[in-house]
Amino acid sequence: EAAVFMVPEVVCYKGNSVSFHIAKWLIKVKYICLVNLILDRPAVKELIQNDFNENSLKEELGKLLNDKDARTSVLKDYNDLKSNLSQSGASSRVASSIVEYILEGE
């Protein structure tokens, strides 16, 4: 939703370490964020588990707020995402590419 409304974001996830490692073992994906999965590149910064802490969050949000190039890059990626999703059959293509990507990881 943040991407649709053109709001730069930092995706943060920290969970129980046992559950996280089980999920990581079962599900092989490069990214957690749907924007990154669809674009197949790190358009949105993801702070996962130990990378998610006060300092890293402060740093990444500071970039989005104070670094015009960082903010412009995210917004450009959002435009690419919108362009990809606005084409006919986008839902099918996204679902197929996610399934294909997951199967490659096995």
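Attention here is on the structure that accompanies the text. Given the structure is predicted, the values throughout are model-derived calculations rather than measurements. (Residues numbered from 1 in each chain as written. Predicted model: local features only at pLDDT ≥ 70, side-chain atom pairs only at ≥ 80, totals over all residues. Heavy atoms only, no water.)

**Describing the nonpolar core**
With 15 residues, the main nonpolar core has Ala 3, Cys 33, Val 35, Leu 39, Val 44, Tyr 78 and Leu 81 as its most contacted residues. Within the residue set of this core, elements represented by two or more residues are strand S1 (10-13), helix H2 (34-39) and helix H4 (68-86). Non-local contacts of Leu 81, meaning those with residues more than four positions away in its chain, are made with Ala 3, Val 35, Ile 38 and Leu 39. (Core = buried A, V, L, I, M, F, W, Y, C linked by side-chain atoms within 4.5 Å. Buried < 20%, exposed > 50% of the residue type's maximum accessible area, 1.4 Å probe, protein only. Helix = DSSP H or I, 4+ residues; strand = E, 2+ residues; numbered from the N terminus. Contact = heavy atoms within 4.5 Å.)

**What to know about the packing of helix H3 (residues 54-66) against H4**
Two elements in contact, H3 and H4, have axes whose closest approach is 5 Å; the angle formed by their N-to-C orientations is 90 degrees. In terms of orientation, H3 lies roughly perpendicular with respect to H4. Two secondary-structure elements touch here, H3 through Lys 63, Leu 64 and Asn 66 and H4 through Lys 68, Ala 70, Arg 71 and Val 74. The residue inventory of the contact of H3 with H4, partitioned by class, reads three nonpolar, one polar and three charged. (Axes fitted to C-alpha atoms, helices over the stretch in contact; angles between N-to-C directions. Parallel < 35°, antiparallel > 145°, perpendicular 65-115°, else oblique. Nonpolar A, V, L, I, M, F, W, Y, C, P; charged D, E, K, R; others polar.)

**What about a nonpolar patch on the surface?**
On the surface, Val 18, Ile 22, Trp 25, Leu 26, Ile 27, Val 29 and Ile 102 cluster together into a nonpolar patch covering about 690 Å² of accessible area. Ranked by residues supplied to the nonpolar patch, first place goes to helix H1 (residues 17-26) with four residues. Tracing the sequence through the fold places Leu 26 in helix H1. For Leu 26, a relative accessible area of 59% translates into the label exposed. (Patch = residues over 30% accessible without salt bridge, like charges linked within 9 Å, V, L, I, M, F, W, Y side chains within 5 Å. Areas by Shrake-Rupley, 256 points an atom, 1.4 Å probe, with all protein chains shown as cover. Salt bridge = Lys/Arg side-chain N within 4 Å of Asp/Glu carboxyl O.)

**What to know about the pattern of salt bridges**
Overall, the coordinates contain six salt bridges when judged by the stated rule. When the shortest N-O distance is used, the salt bridge between Lys 63 and Glu 60 registers 3.3 Å. Taken together, the residues Lys 63 and Glu 60, both in helix H3 and three residues apart, mark about one turn of the helix. With relative accessibility at 11%, the residue Glu 60 sits in the buried group. In this structure, Lys 76 and Asp 80 form a salt bridge, with 3.0 Å as the shortest nitrogen-oxygen distance. Of this pair, Lys 76 and Asp 80 both sit in helix H4, separated by four residues, roughly a single helical turn. A network of salt bridges, in which partner residues are shared, links Arg 41, Lys 76, Asp 77 and Asp 80.

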